[in-house]
Each structure stands twice: as structure tokens, then as C-alpha cells.
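Single-letter residue listing:
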Amino acid sequence: MPDRPPSDTPLALELLVHGVAGAAPGELLGDPRTVRVTGDSTAAVFRRTEDADAEAHPERYAGRPVPEAYCWSRLTSGNGARALWLLLLPFMVANLAHWARPATSAADPAPRAVRAYGVLVRVLALSLTVLLIAAACEVALDLLAWQCAGSATCTGSRSWLGFLAPGGGWWAQPGRRLALGALVPAALTGLLWYLSNRTWSAYESQPPPTGAADPDTASDTAPALGRPGFWYGRRLVARLRAAHTAAGLLTVAVAVSVPTARHDRRAGAPVLEALGTATQVLLAAGAVTVAWVVCRRGRTEARPDHRLDRAAVNWLPGSALALFAAVLLHACWSRPGWTSTGRLPGDLAFGVLMLGQGLCVLALAAVARYLHRRAPDPAAALHGLGGPAVAMLGCALGGVMSGGVAQRVADWLDGGATPGMPGAPLPGPPVLLSWQAAVLPPLLLVLALLAGWFAVRGARARGRLAAAVAAEYPGEPPDRARSRRIAGARTAAALTDSAPWFVAAVSGITLLLGAGALAGAWLSGKVPGEAARGTAPPLEAAARAAQDTGSWLIGLGIAAFITWGRRAYRDPAARRTIGILWDVGTFWPRAAHPFAPPCYAERAVPDLTWRMAGWTARTGGRLVISGHSQGSVLAAAAVWQLPPPARRRIALLTYGSPLGRLYGRWFPAYFGSGPLTALHREVDCWRNLWRATDPIGGPVLPAAGKAVDRGPLADPIAYGRSARHPLPAPILGHGDYQADPAFAAERDALLARLDADARPRGPRPAVAGGVPGQRPVVSTGQAEPAAPADPPGTAG
């Protein structure tokens, strides 16, 4: 391509970015004949075949832009291995809690509180890793290697466990059985390390363009998404990955070392007891080191940080692996008189984990509330408590998934008996896990009541809206059924605005029920059915029913989970559905949990930034980046990263955008009114289209009046049949924004403004950030008053 077009007319480019559902290049460009301009099989930029050499012939495109599409759906639904990401759901939710921090002001950034918030979230994330590995230890070490292998009844019907049974040979001793079973959770830790390391090289290692958001000129009060190192998190991910890997190995080592050392103390073996004490001291030192590594350093966003913490990355996992091998060797030493009875000492460990998570969530809520009071944001979800609520959901998911697996394995090993109840051949898992299962039925009952309340409220709102719908279409005869359908679509879309309170209710109820389960397990030491024995008959029946129903519900959930994962592995369409979940949850870098699904934006945002900066510098043309749904979030993030010379040639067109409605509420420190207002000052050529029937998109800057947002657009376009619309017009909701006449009108107006701003003229006043002032946005052919200058936004 030539460096400059051989014409006085600057070339215009429309860069289309699809949303969460993904789209083929031919669908985005409206032509099945497409060619890849740049990129690879994972993410690439496409054009129509006839537009491949557009830069050499700009005269062909007078009055219209060259369309090209950035397709990134394979970043979240590329191959069958992505089905394994379902296992990482609690980690992803915990990582979201880091980014849901309340905003701070430029005058009062509160660095200590911000750091405390980050430390608490990272500690919570570490506890989830320990919980997952502890659950694997419960299954492999306690239920299989200790309880079942030590019982002739259990091994008698399972011949594949015969070599572990008492009298079965070298592996029959409990210490050796524990060492063999420890390989399962250690292999799970290795799998998590492998998945994180594999995606790290493909996502976090994508450098930003040279000159983008110069760190030497970037202000400390600039929005965080405009900082040079925001999308380059390889150092922190590597550091956290090493710490969490070491934590997983140390957890397995502790699960083997504690019962072994306890037997050595009772048996009076001084040499083995001394070795066990030495290993436990080293394990404690390793735990302290892991905690220090996790708490010591957070994200570095001021500049792209290419360094790695070699000591932590290399020595920490290696030392933990060596210590783990030493513990296994110590456990395999011959102890002829040792027999396995009862449970392994895991009740206290799970209880301490659950209590610690609850206290962390409460501390996180206190810090978040403190930050919100210092810089109130009326639009923030739950008055600044969105982050703690999300963290509570992550802990609940981790507890249900880990405890559910243990419950199902125990039910399978016990045959027709109920674990923990009289007559069961095995003691079963820790009683706390049974209490956790028992709180599921009341939790689901409360959720059903909440859903019913929202449904009733929505039905009433639909009735009120239906009476006024026909008046929005002058000259059309009223149609009651048509009005109710339109009102129903708007009412359903409005339920998104109630999501924060639904999440608050779920999180609060989960916290209370979890506290009750912990208290019941510690005070009674029995499963719920046994703890209620001898009380009032209704209470005893309710406790037994809750225990049994909760266990079966967890079993059904685990079965559905596995079925969905297998289907996703084989079926690209199902994998794309799972990809939609990750599109929302994995937009953010892995700042808290390194085993969370990878951040696709750390590949997509540099891709878009490189493309826009390179094309405008090479051709001198104008560019409109056009983003739908999640694509609008990627587009805004990429524009934030552009250097000022390129940003002056860029216009931003968003539609069906969750920037204000979802991201602004849940992530106010990064997409609140302050950062979005700062983006509008730097990219004044910005228009956003939205509909009242869209459950995801909405206005992004209501405070700016009509300077940015245009809507709500009419949906459907026509109320009834007419000569112009002989067939019923569909209710489009979140899709087909490009079919609305407003789309082409706003895109052309943005290109016209870019062309007018590029013409030589007298000096123009500058606004904050050194970006030249621009004229008001044009949406209907008439200039609108410019929005007043707001104080600079901050990312905290």
C-alpha cells in the first residue's frame, strides 16, 4: 500500500467490531467474498475482496467509507480446550471483584485504601485456589486413599482398589496410599499452571504500539484504560501464577504431612517425628512466602513493564515442588502398625477457609464503602458494594463446586447409604460440606420468590407502558396486542437495571446461610440430619429433606456441568455460547487470579490500536471505529490507547453499548462518568445509538445531553402495516442496529466532521489533555450546544 493516497480526497475507513455473539466476516461486511488483510486464525481484520486495494484507488470511494471488520470471536471460542474453562468460573468471578472497585477522585485518590482493596481481593483469590485443591485432596486422599482403601467393605466391591486394601501389598500402608493419592491434586495444580502459562504467551505478551499513550507525558489522573501498561500484564500474571502454583502444591503437602506427623508423634518414632516437624516448619515458611508474594505487589500500569520477578517465578514453584516430593518420601517410609480410621483432619481446614473468606468479604465491603463515601457515584452498583457482592458470589461458587464433587464421590462410595448418617459404611466428607449442601434448597427458594416478585413487577410495568406505546406512532390505529408486545420487550430489557439488587440479595442471603452452616457444623459436629435428631418432628424432617435435596441438587448441577463441558468440547455452537459468558467476564486482565480464563482484550485492544494508529499514519485518512455491544467496549478501550495525533483522525460510533449501563455501574473506577467524560473530551467525534428494547445497550453519557447519545431509537421502526412497511416490522432489541437509518446518518456525519476538522483553519482553543477543540456533534443536521467542561476523570 502507498504511504499516501494519490488523491486530494482523504480516504475514509469504517472499522467494524462485532459483539459477544460473534459474526463471520462475510456477515459483517455484507459480502461472502472476503480477504484477510492482517492477523491470524485467532483474530484478524477482513475486507471485501473488491476493497483489498482501496488505498491505491481512493477515487472509487468518494462519499463513502471502505468497510473492514475485526473478527475476534475465536479468542473466546476457538478450540475444544476452551471447554475446560468452565472449571475456572469461580476464579473468573473473583477476578471481576478486583475491577469492581469504587472510583476515586483526582483530588483524593486514597492510595492506601485502593491498595488494601487490591490486597484483599488477591487474598480471596488465593483462598479459592487453596479451596479447589483442598477439595481435590478431600476426594483423592480422604475418601479414596484413606477411608475407602482402608475399609474391606468399600474395596471388596471395587477390585481396582484391591492393591490399596489392608494386606494388599507395598501400597497398603496408609502413608503410601496418601502419597499415591496426592498425585491427583498435584496433577490438577499442574494442569492449572499449564493452562495459565499457555494462555499467558498468547494474551498477556502482546505489546502495545510504540508511542501509544506515552508514559512520559501521561498524567497520573488520566483514566486507567489510557495508561500504557494497562493491557500488558505479563509481569503480574507470572508472579501470581508462581504463587498460586506453590500454594496448590503446599496444600497437598500439608494434607499428607499432618496425618503422617500425627501418627509419628503417637507411635513414638523420634527420627520420623523430627523429620515431620522439619517439613512442617518448611511448609509454614512456604505459606508465609506465598502470602508475601501475593500481597507485596499489584498491577503496574504507568508503563509497559517487560521485567519478570525471576526469583518468585522460578524459585517459588520449584521449591514448593521439592518440598512436596520430600513430604511424599517421608510419608512412604514404612510404618507397619499404622491403620486408617475415621476421617482425615479436614473439618477444621474447610471451616477456617470458609470463615476467612467471609471475613475477607466483610473487610472488602468496609473498604469499598469507605472509598465510595470519599467519592460518591450515584450510578455505581449497590452504592459501591458491587465488588464485595461479586466476591461473595465467587466464594459461593467455589464452595458449591468443591463441596459438590466431594458429596457426589462420597454418595458413590457409600452405595445406598447417606454419608455421615447411621449405617453408612464410611464416615464421609467433612460435615461442613453437608451443611453447605443443605443450605441450597432454602437459597433456591428465596431466589424463586425474588424471580416471582420481579415477574409481577414487570407485568404491571408492561401494562402501564402498553397504554402509551401507540401514541409514539402518530397516525397509526391502536393495536392492543402489538402495544403489549412492544411494551413487553421494553419491560424485559429494563430488568437489566434491577440486576444489581438481585445480585445483592443473592450475595447477602448466601453470606447469612453460609454463616449458619459454619456455625451448625462447628457447634454440632454432625451432618444436619443427625444434628436435628431428637428435636421437633417438623424441624427434623426439614433438616433431613434439606440435606438430601441439597446433595441431589449438587449432583444434578455437577452432571449438567460435565454434560455442558463435553458438548462444548465437541460442538462449536455450544462452545460459542460459553464464549459469550467469557466475553463479559474475561474482558478484564487477570489482576487477582492467574488461573482465571485469559483476558482476550489484552490481545484485541493492541490489535485494534495497532490497526488504527498504523492506518491513519500511513494513509492520512479518516477512520470511524464502529463497535456493537462488547465490541463497543473494545473500541473505546482501543481509542483510549491511541496517541493524540492518531486520535484526532478517529471517530467513535457505538451502538447497543453496555459502556454506561453495565460497565459504568459495575466498574465505576474504569467506566464511570469521570473516565467516560474524559474520553468524550479527547474524542469529541463520538455518537452512541441505543433502544429502549435493548437489554444490554443504553446511553453512555446521559449528563452530556444529546452530545453523545442518540436514542431511544424507534423499535420497531413501524407500528403497523403501511404502504412503506407492508409487512410487520420486527422488534430488533439488541441486534441489527445497522439496519436503522440513524446508523448510516450518524456514521456519515462523523466522517464529515473529521473531514471538516482536518481542513486548515485558524487557531482553535485547546481543551484538557492538549487535544484540539472540536465542534459540537451533529445528529440531525443542526449544531447542538457543546457540553460543559467537567473535571478530569480518574481511574483511581
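Small disclaimer: the values here were computed from a predicted structure and weren't measured.

Calculation criteria
Residues numbered from 1 in each chain as written. Predicted model: local features only at pLDDT ≥ 70, side-chain atom pairs only at ≥ 80, totals over all residues. Heavy atoms only, no water. Helix = DSSP H or I, 4+ residues; strand = E, 2+ residues; numbered from the N terminus. Buried < 20%, exposed > 50% of the residue type's maximum accessible area, 1.4 Å probe, protein only. Contact = heavy atoms within 4.5 Å. Patch = residues over 30% accessible without salt bridge, like charges linked within 9 Å, V, L, I, M, F, W, Y side chains within 5 Å. Areas by Shrake-Rupley, 256 points an atom, 1.4 Å probe, with all protein chains shown as cover. Salt bridge = Lys/Arg side-chain N within 4 Å of Asp/Glu carboxyl O. Core = buried A, V, L, I, M, F, W, Y, C linked by side-chain atoms within 4.5 Å. Pairing = 2+ DSSP bridges. Disulfide = S-S within 2.5 Å. Phe/Tyr/Trp six-rings, centres within 6.5 Å; stacked < 30°, edge-to-face > 60°. Lys NZ or Arg CZ within 6 Å of the ring centre and 35° of its normal. Axes fitted to C-alpha atoms, helices over the stretch in contact; angles between N-to-C directions. pLDDT = per-residue confidence, 0-100. Parallel < 35°, antiparallel > 145°, perpendicular 65-115°, else oblique. Nonpolar A, V, L, I, M, F, W, Y, C, P; charged D, E, K, R; others polar.

1. A few points about the overall build of the protein
Then, number 1: Along the backbone of the protein there are 26 helices and 8 strands.
Then, number 2: For the protein, buried positions account for 55% of its 796 residues.
Then, number 3: For the protein, the proportion of contacts with a sequence separation of at least 24, taken over those separated by at least 6, is 78%.

2. Quick notes on a nonpolar patch on the surface
Then, number 1: Judged by side-chain polarity, Leu348, Val352, Leu355, Leu359, Leu362 and Trp522 come together as a nonpolar surface patch covering roughly 600 Å² of accessible area.
Then, number 2: If one sorts the elements of the nonpolar patch by residue count, helix H11 (residues 347-374) sits on top with 5 residues.

3. Topic: the nonpolar core
Then, number 1: Residues Tyr70, Phe587, Trp588, Ile625, Leu634 and Phe671 are the most contacted members of the largest nonpolar core, which totals 157 residues.
Then, number 2: Looking at which element gives the most residues to this core, the answer is helix H4 (residues 111-148), with 20 residues.
Then, number 3: When neighbours within four sequence positions are excluded, Leu634 is seen to be in contact with Val17, Trp72, Phe587, Tyr600, Ala601, Ala604, Val605 and Leu608.
Then, number 4: Counting residues in each nonpolar core, the second largest holds 22 residues, with Leu16, Leu653, Tyr655 and Tyr737 among its members.

4. Considering the pairing of strand E7 (residues 686-691)
Along a regular strand, successive side chains alternate from one face of the sheet to the other.
Then, number 1: Of all 6 residues in E7, 6 are buried; the element is thus mostly enclosed.
Then, number 2: On E7, burial covers both faces: Trp686, Asn688 and Trp690 on one face and Arg687, Leu689 and Arg691 on the other are all buried.
Then, number 3: Sheet topology places strand E6 (residues 650-655) next to E7; 4 bridges connect them, and they run parallel. Within the sheet, the bridge partner assigned to Thr654 lies in E7 and is Asn688.
Then, number 4: Here E7 pairs with strand E8 (residues 709-713) via 3 bridges, running parallel. Bridging across to E8, Leu689 finds its partner in Arg710.

5. Topic: the state of the cysteines
Then, number 1: Counted according to the given criterion, the structure contains 1 disulfide.
Then, number 2: Across the disulfide, Cys148 is cross-linked to Cys154 (sulfur-sulfur distance 1.8 Å). Handedness here is read from the sign of the S-S torsion; for Cys148 and Cys154, about -85°, the answer is left-handed.
Then, number 3: Looking at Cys395, it has no disulfide partner, and the nearest cysteine sulfur is the one in Cys360, 8.1 Å off.

6. Topic: the pattern of salt bridges
Then, number 1: All told, the structure shown has 23 salt bridges when counted by the stated rule.
Then, number 2: Among the salt bridges present, the one from Arg48 reaches Glu50, with a minimum N-O distance of 3.7 Å.
Then, number 3: Close ionic contact of Arg544 with Asp548 constitutes a salt bridge, the shortest N to O distance being 3.1 Å. Of this pair, Arg544 and Asp548 both sit in helix H18 (residues 537-570), separated by 4 residues, roughly a single helical turn.
Then, number 4: One continuous salt-bridge network, built from bridges that share partners, spans Arg47, Glu55, Glu68 and Arg611.

7. What about the packing of aromatic side chains?
Then, number 1: Applying the stated rule across the entire model yields 25 aromatic pairs.
Then, number 2: Measuring from centroid to centroid gives 5.1 Å for Trp99 and Tyr670, while their planes differ by 70°, and the two rings are edge-to-face. Residue Trp99 is found in helix H3 (residues 89-99), and its partner Tyr670 is found in helix H24 (residues 668-671); the two are separated by 571 residues along the sequence.
Then, number 3: Classification of Trp99 as buried rests on a relative accessible area of 0%.
Then, number 4: Measuring from ring centre to ring centre gives 5.5 Å for Tyr663 and Phe667, while their planes differ by 45°; the resulting arrangement is tilted.
Then, number 5: Accessibility expressed as a relative area gives 3% for Tyr663, which makes it buried.
Then, number 6: Cluster of aromatic residues (ring-pair linked, three or more members): Trp72, Trp99, Phe230, Trp231, Phe587, Trp588, Tyr600, Trp640, Tyr663, Phe667, Tyr670 and Phe671.
Then, number 7: Its end group placed over the ring of Trp552, Arg408 keeps NZ or CZ at 5.1 Å from the ring centre.

8. What about the sheet that holds strand E4 (residues 66-71)?
Then, number 1: The sheet built from 8 strands is open, its strands ordered E2-E3-E4-E1-E5-E6-E7-E8 with mixed pairing. Since the sheet does not close on itself, it has two edges, and those belong to strand E2 (34-39) and E8, each with one partner. Each strand of the sheet is rotated relative to its neighbour by a mean of 20°, with strand direction disregarded.
Then, number 2: Across the face of the sheet, helix H21 (residues 630-640) comes into contact with strand E1 (12-17), strand E5 (622-628) and E6 while running at roughly 140° to E5.

9. A look at unusual backbone geometry
Then, number 1: With an omega of 0°, the peptide bond running from Gly711 to Pro712 counts as cis.
Then, number 2: Here Pro712 is to be found in strand E8.
Then, number 3: For Leu382, which is not glycine, the phi torsion reads 55° and is therefore positive.
Then, number 4: Structurally, Leu382 is set in the loop between H11 and helix H12 (386-414).
Then, number 5: Looking at Leu382, the relative accessible area reads 9%, which means it is buried.
Then, number 6: The phi angle at Asp736 is positive, at roughly 55°, despite the residue not being glycine.
Then, number 7: Note that Asp736 resides in the loop between E8 and helix H26 (741-758).

10. Details of the confidence of the model for the protein
Then, number 1: The pLDDT averaged across the protein works out to 83; a share of 86% of its residues lies at or above 70.
Then, number 2: Counted against residues more than four places away or in other chains, residues 761-796, with its pLDDT under 50, gives 75 contacts.

11. Considerations on the environment of Leu16
Then, number 1: Relative to the assigned elements, Leu16 resides in strand E1.
Then, number 2: A residue is classified by how much of its surface remains accessible, and Leu16, at 4% relative accessible area, is buried.
Then, number 3: In sequence terms Leu16 and Leu29 are 13 residues apart; their C-alpha atoms lie 8.5 Å from each other.
Then, number 4: The contact partners of Leu16, leaving out residues within four places of it in the chain, are Leu28, Leu29, Glu68, Ala69, Tyr70, Ser626, Tyr655 and Gln738.

12. Some words on helix H6 (residues 174-181)
Then, number 1: Summarising burial for H6: 7 of the 8 residues are buried, a large majority.
Then, number 2: Of the positions making up H6, those classed as buried are Pro174, Gly175, Arg176, Arg177, Leu178, Ala179 and Gly181.

13. Let's talk about the packing of H11 against helix H13 (residues 431-438)
Then, number 1: Following both chains from N to C, one finds H11 and H13 inclined at 45°, their axes separated by 8 Å at the closest point. If you check the angle between H11 and H13, you find them oblique. Across the interface between the two elements, Asp347, Phe350, Gly351 and Met354 of H11 pack against Val431, Leu432, Leu433 and Gln436 of H13.
Then, number 2: Tallied by class, the residues present in the contact of H11 with H13 amount to 5 nonpolar, 2 polar and 1 charged.

14. Here we look at the pairing of E6
Then, number 1: A large share of E6 lies buried, amounting to 6 of its 6 residues.
Then, number 2: With burial as the criterion, each face of E6 is covered, one bearing Ile650, Leu652 and Thr654 and the other bearing Ala651, Leu653 and Tyr655.
Then, number 3: Here E5 runs beside E6; their pairing, made up of 6 bridges, is parallel. What sits directly across from Ser626, in E6, is Leu653.

15. Details of the side chain of Thr245
Then, number 1: By secondary structure assignment, the location of Thr245 is in helix H8 (residues 234-267).
Then, number 2: Excluding residues that lie within four positions of it along the chain, Thr245 makes contacts with Thr189, Trp193, Pro317 and Phe595.

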